[in-house]
Amino acid sequence: MEKRVVFQSAWLPYALLAPQIAVTVVFFFWPAAQAVYYSFLVQDPFGMSSQFVWFQNYKELFTSSHYLDSFKVTAVFSGLVAGCGIVISLFLATQADKVLRGALAYKTLLIWPYAVAPAIAGVLWAFLFAPSIGIVTYFLKKAGVDWNWIINSDQAMLLIVIAATWKQISYNFLFFLAGLQSIPKSLIEAAAIDGATPLRRFWTIIFPLLSPTTFFLLVINIVYAFFDTFGVIDATTQGGPAGSTQILVYKVYYDGVKAADLGGSAAQSVILMFIVISLTVVQFRFVEKKVQY
Amino acid sequence: MVENRPWGTFLAHAVLIIGVILVAFPLYVTFVASTLTYDEIVNVPMPLLPGDQLLENYSQVLLSGSTKGSSAPVSTMLMNSFIMAMVVACGKIAISILSAFAIVYFRFPGRNFFFWMIFVTLMLPIEVRIIPTFKVAADLGILDSYLGLTLPLIASATATFLLRQFFLTIPDELAEAARIDGAGPMRFFWDVVLPLSKTSMAALFVILFIVGWNEYLWPLLITSQESMYTVVIGIKRMIAGGDASNEWNLIMATAMLAMLPPALVVMLMQKWFVKGLVETEK
Amino acid sequence: MFRKSLFAALAFGIVSTVAQAQTEIQFWHSMGGALGDKVASLAEQFNKSQNQYKVVAVYKGSYPESMTAAIASFRAGNAPHILQVYEVGTATMMAAKGAVVPVAKVMKDADVPFNPKAYLPTVAGYYTDSKGNMLSFPFNSSTVLFYINKDMYKKAGLDPEKAPKTWKQFQAAADKLKAAGIGCVYTSGWPSWMHIENFSAWHNVPIGTKENGMAGLDTEFKINSPLHVRHLTMLSDLAKKGEFTYAGRGNQAEAKFSSGECAMLTSSSGAQANIRRNAKFQWSVNFIPYHDDVKGAPQNSIIGGASLWVMGGKTNNTYRGVAKFFEFLSKPEVQMDWHTSTGYVPITQAAYELTRKSGYYDKNPGADIAIKQLTNKPPTANSKGLRFGNFVQGREVIEEEMEGVFTGKKQPKEALDEAVKRGNEILRKFEAANKG
């Protein structure tokens, strides 16, 4: 879509674009280029001496079982967060679509977790599940479950999945609700007249019509689990125990900031860049309408 | 629902109520914990009814932070968060609306190039360039400052795209009329485009304010002085030791304060919020 | 008449401008809460005692955070004058020639008397280079100690005044405590510091070659020796029997002890202050246990904590101020004040003597156990301390492998071999980066 009517000016458009482009170059492109550059170096933290080592950092990463473990952890984590988040919110949305009374109240009450920062969500759930004093831990112990996520990797993963998913339920819920409400009632009525049960109607009509929304949410949730959950992990498990909750982005931070391994962290950043680019391409090609001029 | 099935509706309500309870449960426990004393929390099980320390805990954290970990007053942190969120939200909207206007309403050499340049930044979330961006900020001398908290975050491709989408729907007749009247582009911008964009800007503002308020990784890196902490990372820094020696009552009080402004924005501006969410992803 | 008042006015003007032209010295530290208040008061005392220099103490977050901030600021030409760096960062700081100025040089250039021999040998040795020059100023040093809950001992039928001295006795006590129904028998803070690093020094075995890294960058880890494997296996067996409760990599275990949950604790000597304040039971602090069939054990333990480094690129005037501040901090009275209010060990012999004479240790039994353990025997090459490059990462690797054992994923020998392999990779990287 092009505008028929445009303005002409030799300098105005550039002036208007200048702020965004300036910030973008200084704080996006220049650092990204530096990340690529650093990934080819091995240097001491103070920058006093550095050595050019070509692809050695990358080679070390791909032969390190810990980096590959981090891939696995990230895949498991994002799969769980996206999967659970979508299933639970879809279920809630279908129920909300049914009720007429109190719909607005339910909506208001269910969407506020979106406002909670991931880090705070992490702190809240860590408090509930704290090995010594958590209230949920107390009930779990009464039920015979020995809950101590500090030493049990599966439990640690469960904790961060719960915290991360809890936050996303509201977001997914809103989209599903909007999607459900845009399905023409006539389609559903027609199927009902034909004798289809509610369950049948859901699987054969509603779910397929929702698939663009579902796919879109899948990509969004995966990106969320990859990146935005940094706060959840930093506020709770910090990648432990034994690296079992160390997702890729956390490893980039840890290696770069805490361990001062600039070359390795930069190489990981570059690899993450490739992953994001692929995910964004997928999102725009298959989900959005093509970006038009 | 097509058939009238009272049982089905009842079930739906039941499910929704359970959903609401599960979603609200952590919030409730947090609130209760923020009204208890430290000893009451540490003595398992913690009481599930609110205690009487509301005033004490909240005034303690607001005025002088926690006593074991970070002792920055939460009131300062709330102010920092507020400044950051407002500046980032308003800044993003201001910058993006200018860029979107330029891209849509002008034809000039390099237009496509700049457009794609902005698009590419969608692929560069801060997490993939944290260390070098930190270094740039350090070199510019803006560590531990409001400028450092806000400037690197202030260009948003999403906002630019949203506004661009919206501008494309503005009828051409309006621009034509402006041209005929002899109005220059900026006049057109002020008198026509801006007023029309009000709802989009409001929707964007809600989303961007929340995102800005909840920023975690960037403020974590760029602030090391207590007076510059935002409330979201201040909470993390209060967690000094193991889970029994943290002052959970104070931490929970701080968490309540940290959640309040964005939650209020979401609930009060719900209409715009929903519109904003749904629009930003088109 | 006119001349006199003009002269007086001039003199007044000069004096007041000199008084206002105090040289500021930026001091970045990581002491939070009450400790931070104490640091602030020390700075204030120094500032009040003279009017040439003003030390500005700033809390910059945890040790890793403030180090990152300082490094970034240094690269931007904006570093503080004094930076508190934790022990695991020592090698990184030492290798940064040009970025830091050795303390010995700072003191000498400023003509401030400075005698390295006045410092406790284990403390000084950690921060001294191979030529005997002290590189950083020891400030807050601690060591690892063994705490027991005397009430729980009584309950289990054990003599509360006889804390186990050897690991054999420890295991016997643990069994009895478990049998008496105590849920958490033993827990530990800083698992690597206690069970690998201090363990090695206490038994006079190396943590790494080249004097634990002090004599060369080409050091290699040696923590997978049969003795280390045997010790980690013992811990793993305790965990399996439910007699060892793992509580994380930091000091989370301390709260479990002071709350009365766990009967025995090994953790920093700095935990005493909190335990004293919060424990509602009788407790005692003791030497850490040792294996009595190892020759040379018990040797001496090594320090943890942090020291103060002087950053490079500043003016001579400010360095003089730094030297004066360090001179102030070395005074026995100041040392005693810091030691008694924080639980960190006194760093000089004189401070130790002064504290002893004041009767503090009589009034607070156990407050001098830390020093006694540090000076148990004159340090050997294995027990002077350690200096491994990028040891922040190194220690985390060791702890990760230990966690693998405690979660039941790995066998002790396998875990320690892996820790050595990964640890050596990190050391080689550091060596390569600092060759120039």
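Coordinates for the structure precede this section.
Residues numbered from 1 in each chain as written. Chains lettered and ligands numbered in written order. Predicted model: local features only at pLDDT ≥ 70, side-chain atom pairs only at ≥ 80, totals over all residues. Heavy atoms only, no water.

Here's the deal with the overall build of chain A
Item 1. The helix and strand tally for chain A stands at 12 helices and 2 strands.
Item 2. Ordered by position in the sequence, the α and β elements of chain A form the string α-β-β-α-α-α-α-α-α-α-α-α-α-α.
Item 3. Projected onto its principal axes, the C-alpha coordinates of chain A cover approximately 75 × 75 × 30 Å.
Item 4. Counting every position in chain A, which comprises 293 residues, the buried fraction comes to 61%.
Item 5. A separation of at least 24 residues holds for 67% of the contacts in chain A among residues at least 6 apart in sequence. (Helix = DSSP H or I, 4+ residues; strand = E, 2+ residues; numbered from the N terminus. Buried < 20%, exposed > 50% of the residue type's maximum accessible area, 1.4 Å probe, protein only. Contact = heavy atoms within 4.5 Å.)

What about the overall build of chain C?
Item 1. When you go through chain C residue by residue, the secondary structure sums to 20 helices and 10 strands.
Item 2. The C-alpha radius of gyration of chain C comes to 24 Å, within 12% of the 22 Å expected for a compact globule of 436 residues.
Item 3. Reported as C-alpha extents along the three principal axes, the dimensions of chain C are approximately 95 × 50 × 35 Å.
Item 4. Put simply, chain C has 436 residues, and 60% of those count as buried.
Item 5. The long-range fraction of contacts in chain C, counting pairs at least 24 apart against all pairs at least 6 apart in sequence, stands at 77%.
Item 6. Put simply, chain C shows about 17,300 Å² of open surface, and 55% of that area lies on carbon and sulfur atoms.
Item 7. A gap of 4 Å separates the mean positions of the 51 positive and 38 negative side-chain charges of chain C. (Rg over C-alpha atoms; globule rule 2.2 N^0.38 Å. Areas by Shrake-Rupley, 256 points an atom, 1.4 Å probe, with all protein chains shown as cover. Lys, Arg positive; Asp, Glu negative; His and termini not counted. Charge placed at Lys NZ, Arg CZ, Asp CG, Glu CD.)

Re the state of the cysteines
Residues and elements named next belong to chain C.
Item 1. One pass over the structure, following the stated rule, counts 1 disulfide over all chains.
Item 2. Across the disulfide, Cys 184 is cross-linked to Cys 262 (sulfur-sulfur distance 1.9 Å). Classification of the bridge connecting Cys 184 and Cys 262 rests on its S-S torsion, roughly 95°, and on that basis the disulfide is right-handed. In this pair, Cys 184 is assigned in strand β7 (residues 184-188) and Cys 262 in strand β8 (residues 262-268), connecting sequence segments 78 residues apart.
Item 3. Note on Cys 184: relative accessible area 4%, which makes it buried.
Item 4. Among the residues examined, Cys 262 registers a relative accessible area of 0% and is labelled buried. (Disulfide = S-S within 2.5 Å.)

Notes on the sheet that holds β7 of chain C
All names here are of chain C.
Item 1. Ordered in space as β7-β8-β6-β9, the 4 strands form an open sheet in which the pairing is mixed. In this open sheet, the two strands that pair with only one neighbour each are β7 and β9 (283-286). Within the sheet, the average angular offset between the axes of one strand and its neighbour, ignoring direction, is 15°.
Item 2. Note that strand β6 (residues 144-149) and β8 share 5 bridges and pair antiparallel. (Pairing = 2+ DSSP bridges. Axes fitted to C-alpha atoms, helices over the stretch in contact; angles between N-to-C directions.)

Remarks on the side chain of Thr 23 of chain C
Residue and element names in this part refer to chain C.
Item 1. Among the structural elements, Thr 23 can be located in strand β1 (residues 23-29).
Item 2. Assessed through its relative accessible area of 14%, Thr 23 is described here as buried.
Item 3. Ignoring any residue separated from it by four or fewer positions in sequence, one finds Thr 23 in contact with Gln 52, Tyr 53, Lys 54, Asn 317 and Thr 318.

A short note on the pattern of salt bridges
Residues and elements named next belong to chain C.
Item 1. Tallying each qualifying case throughout the model produces 28 salt bridges over all chains.
Item 2. The salt bridge partner of Asp 293 is Arg 230, with a shortest N-O separation of 3.1 Å. Placement of Asp 293 in the loop between β9 and β10 (304-311) and of Arg 230 in helix α11 (residues 226-240) is noted, with a sequence separation of 63 residues between them.
Item 3. The class of Arg 230 is partly exposed, set by a relative accessible area of 37%.
Item 4. Salt-bridge contacts for Lys 324 lead to Glu 327; the nearest nitrogen and oxygen are separated by 3.9 Å. Taken together, the residues Lys 324 and Glu 327, both in helix α14 (residues 316-330) and 3 residues apart, mark about one turn of the helix.
Item 5. The exposure class of Lys 324 is partly exposed, given its relative accessible area of 38%.
Item 6. Within this structure, Glu 400, Glu 401, Lys 410 and Arg 422 form a network of salt bridges that share partners. (Salt bridge = Lys/Arg side-chain N within 4 Å of Asp/Glu carboxyl O.)

Description of the interface of chain C and chain A
Item 1. Every contact between the two is made by 36 residues of chain C and, on the other side, 28 residues of chain A.
Item 2. Summing both partners gives a buried area of about 2,700 Å² for chain C against chain A, and 57% of it is carried by carbon and sulfur.
Item 3. Looking at the side of chain C facing chain A, the largest losses of area belong to Arg 75, Gln 393 and Lys 429 of chain C, adding up to 22% of the total buried there.
Item 4. Remark: the boundary between chain C and chain A carries 1 salt bridge.
Item 5. A salt bridge links Glu 60 of chain A to Lys 429 of chain C; the shortest N-O distance between them is 3.1 Å.
Item 6. On inspection of chain C and its partner chain A, the count reaches 5 residue pairs in polar contact (both at pLDDT 80 or more).
Item 7. Of all the secondary structure elements, the ones that give two or more residues to the side of chain C that touches chain A are α3 (63-75), α4 (90-95), α19 (391-406) and α20 (412-433) of chain C.
Item 8. No other element matches the 8 residues that α19 of chain C contributes to the side of chain C that touches chain A.
Item 9. Residues belonging to the side of chain C that touches chain A are distributed by class as follows: 13 nonpolar, 10 polar and 13 charged. (Buried area = accessible area lost by both parts, 1.4 Å probe. Polar contact = N/O pair within 3.5 Å; in protein donor to acceptor, adjacent residues only side chain to side chain. Nonpolar A, V, L, I, M, F, W, Y, C, P; charged D, E, K, R; others polar.)

Let's talk about α3 of chain C
Residues and elements named next belong to chain C.
Item 1. Over its 13 residues, α3 extends 18 Å from the first C-alpha to the last, a length consistent with the 18 Å expected when each residue adds 1.5 Å.
Item 2. Most of α3 sits out of view: 12 of its 13 residues are buried.
Item 3. For α3, the complete set of buried residues consists of Tyr 63, Pro 64, Glu 65, Ser 66, Met 67, Thr 68, Ala 69, Ala 70, Ile 71, Ala 72, Ser 73 and Phe 74.
Item 4. Remark: Gly 77 follows α3 within two positions and exhibits a positive phi of approximately 80°. (Expected span 1.5 Å × (residues − 1).)

Focus: the pairing of β10 of chain C
All names here are of chain C.
Item 1. Counting buried positions over the 8 residues of β10 gives 8, a clear majority of the element.
Item 2. Burial along β10 is two-sided: the face carrying Gly 304, Ala 306, Leu 308 and Val 310 and the face carrying Gly 305, Ser 307, Trp 309 and Met 311 are both buried.
Item 3. Where strand β3 (residues 82-86) lies against β10, 5 bridges are found, and the strand directions are antiparallel. Bridging across to β10, Val 85 finds its partner in Ser 307.
Item 4. When strand β5 (residues 137-142) meets β10, the two strands line up antiparallel, connected through 5 bridges. Counterpart to Phe 137 in the pairing with β10 is Leu 308.

Topic: the environment of Leu 54 of chain B
Residues and elements named next belong to chain B.
Item 1. With respect to the secondary-structure elements, Leu 54 resides in helix α3 (residues 54-64).
Item 2. According to the relative accessible area criterion, Leu 54 is partly exposed, its value standing at 36%.
Item 3. Measuring from C-alpha to C-alpha, the distance between Leu 54 and Ala 253 comes to 8.4 Å, with 199 residues separating the pair along the chain.
Item 4. Beyond its immediate sequence surroundings of up to four residues, Leu 54 is in contact with Phe 31, Ser 34 and Thr 35.

Structural notes on unusual backbone geometry
All names here are of chain C.
Item 1. Going from Ala 297 to Pro 298, the amide bond is cis rather than trans, its omega being -10°.
Item 2. Within the fold, Pro 298 resides in the loop between β9 and β10.
Item 3. Of note, Trp 190 is a non-glycine position whose phi angle comes to about 45°, a positive value.
Item 4. Here Trp 190 is to be found in the loop between β7 and α9 (191-202).
Item 5. At Glu 211, a position not held by glycine, the phi torsion is positive, near 55°.

What about the interface of chain A and chain B?
Item 1. Contacts between the two partners involve 102 residues from chain A and, on the opposite side, 117 residues from chain B.
Item 2. Regarding the contact of chain A and chain B, the summed buried area is about 10,100 Å², with carbon and sulfur atoms giving 76% of it.
Item 3. Between the two partners, chain A and chain B, sit 1 salt bridge.
Item 4. One salt bridge connects Lys 236 of chain B with Asp 234 of chain A, and the closest N-O pair in it is separated by 3.3 Å.
Item 5. Examining the composition of the side of chain A that touches chain B, we find that 21 residues originate from one element, helix α1 (residues 12-38) of chain A, more than from any other.
Item 6. Tallied by class, the residues present in the side of chain A that touches chain B amount to 74 nonpolar, 17 polar and 11 charged.

Things to note about a nonpolar patch on the surface
All names here are of chain A.
Item 1. A surface patch of nonpolar side chains, amounting to about 510 Å² of accessible area, comprises Tyr 37, Phe 52, Trp 54 and Phe 55.
Item 2. With respect to the helices and strands, Tyr 37 occurs in helix α1.
Item 3. Overall, the relative accessible area of 46% leaves Tyr 37 in the partly exposed class. (Patch = residues over 30% accessible without salt bridge, like charges linked within 9 Å, V, L, I, M, F, W, Y side chains within 5 Å.)

Here we look at the environment of Tyr 224 of chain A
All names here are of chain A.
Item 1. By the element assignment, Tyr 224 lies in helix α9 (residues 198-228).
Item 2. Its relative accessible area of 4% is what places Tyr 224 among the buried residues.
Item 3. Put simply, Tyr 224 and Val 81 are 143 residues apart on the chain and 9.0 Å apart in space, counted from C-alpha to C-alpha.
Item 4. If near-sequence neighbours (up to four positions away) are discounted, Tyr 224 is found in contact with Val 81, Ala 164, Lys 167, Gln 168 and Thr 229.

Notes on the nonpolar core
Item 1. Of all hydrophobic cores here, the largest spans 341 residues; its most connected members are Ile 120 of chain A, Tyr 105 of chain B together with Leu 177, Met 264, Phe 326 and Leu 329 of chain C.
Item 2. Beyond its immediate sequence surroundings of up to four residues, Phe 326 of chain C is in contact with Ile 82, Val 103, Met 107, Phe 137, Leu 308 and Val 310 of chain C. (Core = buried A, V, L, I, M, F, W, Y, C linked by side-chain atoms within 4.5 Å.)

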